[in-house]
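Per-entry structural report
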Amino acid sequence: MDIKILQRKWDNLAKIDPLWAILADAEKKGNKWKIAEFFETGVKEINSLMEYVDSLGITIAQANSRALDFGCGVGRLTQALANYFDQVYGVDIAPSMIELAETYNHQGNKCKYFLNNSSNLNQFQDNSFDFIYSNITLQHVSPRYSRIYLKEFLRLLSKNGILIFQLPSEPNYHVLTKNNKGLIYAFIQNLPTFLIDLYFTGRYYLDQQRQTKKAAMDMYGIKQEKVMELLEANGAKVLDIQENSSAGQEWISFQYCVTKTEK
């Protein structure tokens, strides 16, 4: 999936049904999310996340602390992170999401939102964040880009900083074979990257020609052992890995908790 196509897809979703695009609850489809209820899910998620960090015995820098919410959408988690950090930056690829995030922001200058049009995060300096969090975002990004973003997270992470991200490892074929999708997913996931991109790009343009305005949430994964290799090759120390259900039953997914190795 080309980065510009990915941007158009998520910008379309933000214009059609933004809150459901972020939290795809079947009962909330059709702009049925209530704003307060939606943002409360972010507070609960971040509170739980911080309890998890504490359970690992990790202490995050308190003075002038800065956090990054990658794939911030309308700021659901960005604002909740502002309860724990002095400054939180939310980054998203969709202009319409960023506009809504600024509209919904109730944390004042503690939250700042940034549009990111590229496959890197060059607008931010090295070692500039004490905490980086990304959930239910990388699973919608082609591996050729998500690998770059993981490297960028480590570049941005400060000494003793913490990176937590969620990423599917592989399709859950046991579940998929029940609805005859298993063989299709197995075939697609083992294609060369450029053929996977060509497949999804073709799907997108076909949808556009049919004028459906649908921007399907394509799913991608990187096998856990490959993620570990990438992290370790880029100066990361993996502190913990937890199985994660954010990608749904059709995927085997993990949450990684990472810091930098001492050099």
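For the structure itself, consult the block above.
Presented here is a report on the structure given in the accompanying data block. (Residues numbered from 1 in each chain as written. Predicted model: local features only at pLDDT ≥ 70, side-chain atom pairs only at ≥ 80, totals over all residues. Heavy atoms only, no water.)

In a regular helix each residue adds 1.5 Å, so 14 residues correspond to 20 Å; helix α1 (residues 3-16) covers 20 Å between its end C-alpha atoms and thus fits that length. Regarding α1, the residues found buried are Ile3, Ile5, Leu6, Gln7, Lys9, Trp10, Asp11, Leu13 and Ala14. (Helix = DSSP H or I, 4+ residues; strand = E, 2+ residues; numbered from the N terminus. Expected span 1.5 Å × (residues − 1). Buried < 20%, exposed > 50% of the residue type's maximum accessible area, 1.4 Å probe, protein only.)

This brings us to the packing of aromatic side chains. Going through the model one piece at a time under the given rule, you end up with 13 aromatic pairs. For the pair Phe70 and Tyr149, a centre-to-centre distance of 4.8 Å together with 55° between the ring planes defines the contact as tilted. Residue Phe70 is located in strand β1 (residues 66-70), and its partner Tyr149 is located in helix α6 (residues 143-156); the two are separated by 79 residues in the primary sequence. On the basis of relative accessibility, which here comes to 3%, the residue Tyr149 falls in the buried class. Relative to Phe124, the ring of Phe114 has its centre 5.3 Å away and its plane inclined at 80°; by these criteria the two rings are edge-to-face. Of this pair, Phe114 sits in strand β3 (residues 111-115) while Phe124 is found in the loop between β3 and β4 (129-134), placing the two residues ten residues apart along the sequence. Its relative accessible area of 23% is what places Phe114 among the partly exposed residues. (Phe/Tyr/Trp six-rings, centres within 6.5 Å; stacked < 30°, edge-to-face > 60°.)

Strand order in the open sheet formed by seven strands is β3-β2-β1-β4-β5-β7-β6, with mixed pairing between adjacent strands. Two strands close off the open sheet at either side, each with one partner strand: β3 and β6 (236-244). With strand direction ignored, the average angle separating the axes of adjacent strands in the sheet is 20°. One ladder, built from five bridges, connects β4 with strand β5 (residues 157-171); its direction is parallel. By the bridge assignment for β5, Phe129 is matched with Leu157. Relative to β4, helix α3 (residues 35-55) is tilted by about 120°, and along the sheet it contacts β4, β5, β6 and β7 (251-260). Contacts between α6 and the sheet are confined to β1, β4, β5, β6 and β7, with β5 contributing the most and set at about 165° to the helix. (Pairing = 2+ DSSP bridges. Axes fitted to C-alpha atoms, helices over the stretch in contact; angles between N-to-C directions. Contact = heavy atoms within 4.5 Å.)

This paragraph deals with the packing of α1 against helix α5 (residues 95-104). Angle between the axes and distance between the axes: these two values describe a pair of packed helices. Put simply, α1 and α5 touch, their axes get as near as 7 Å, and they point 45° apart. With respect to each other, α1 and α5 are oriented oblique. Of the residues in α5, those touching α1 at Gln7, Trp10, Asp11, Ala14 and Lys15 are Pro95, Ser96, Met97 and Leu100. Grouping the amino acids of the contact of α1 with α5 by side-chain chemistry returns five nonpolar, two polar and two charged. (Parallel < 35°, antiparallel > 145°, perpendicular 65-115°, else oblique. Nonpolar A, V, L, I, M, F, W, Y, C, P; charged D, E, K, R; others polar.)

Glancing now at the nonpolar core. Nonpolar side chains tend to gather and get buried jointly when the protein is soluble and globular. By size, the foremost hydrophobic cluster in this structure holds 46 residues, and its most contacted members are Tyr149, Phe153 and Phe165. The element best represented in this core is α6, accounting for six residues. Aside from chain neighbours lying at most four places away, what touches Phe165 is Ser134, Leu138, Leu150, Val227, Leu231, Phe254, Gln255, Tyr256 and Val258. Grouped together as the second largest cluster of nonpolar side chains are 24 residues, Leu49, Tyr52, Ala101 and Cys111 included. (Core = buried A, V, L, I, M, F, W, Y, C linked by side-chain atoms within 4.5 Å.)

Moving on: the pairing of strand β2 (residues 87-92). Most of β2 is tucked away: six of the six residues are buried. Every second residue of β2 is oriented toward a common face, with Gln87, Tyr89 and Val91 on one face and Val88, Gly90 and Asp92 on the other, all of them buried. As a crossover connection, the stretch from β1 through helix α4 (residues 76-81) into β2 is right-handed. Pairing analysis gives five bridges linking β2 to β3, with the strands arranged parallel. Across the sheet, residue Gly90 finds its bridge partner in β3, namely Tyr113. Running through α5, the crossover from β2 to the neighbouring parallel element β3 is right-handed. (Right-handed = clockwise from strand over helix to strand, strands pointing away.)

This part is about the environment of Val238. Mapped onto the elements of the fold, Val238 is located in strand β6. Considering only alpha carbons, one finds Val238 and Thr259, 21 residues apart in sequence, at a separation of 6.5 Å.

Scanning the entire structure with this criterion turns up seven salt bridges. Note that Asp11 is salt-bridged to Lys15, the shortest N-O span being 3.5 Å. Of this pair, Asp11 and Lys15 both sit in helix α1, separated by four residues, roughly a single helical turn. Owing to a relative accessible area of 13%, Asp11 belongs among the buried residues under this scheme. In this structure, the salt-bridge partner of Glu229 is Lys226, at a minimum N-O distance of 4.0 Å. Residue Glu229 and its partner Lys226 are located together in helix α10 (residues 224-233), separated by three residues, close to a single helical turn. Residue class for Lys226 comes out partly exposed when judged on its relative accessible area of 46%. (Salt bridge = Lys/Arg side-chain N within 4 Å of Asp/Glu carboxyl O.)

The values reported here are purely geometric and, on their own, carry no functional implication.
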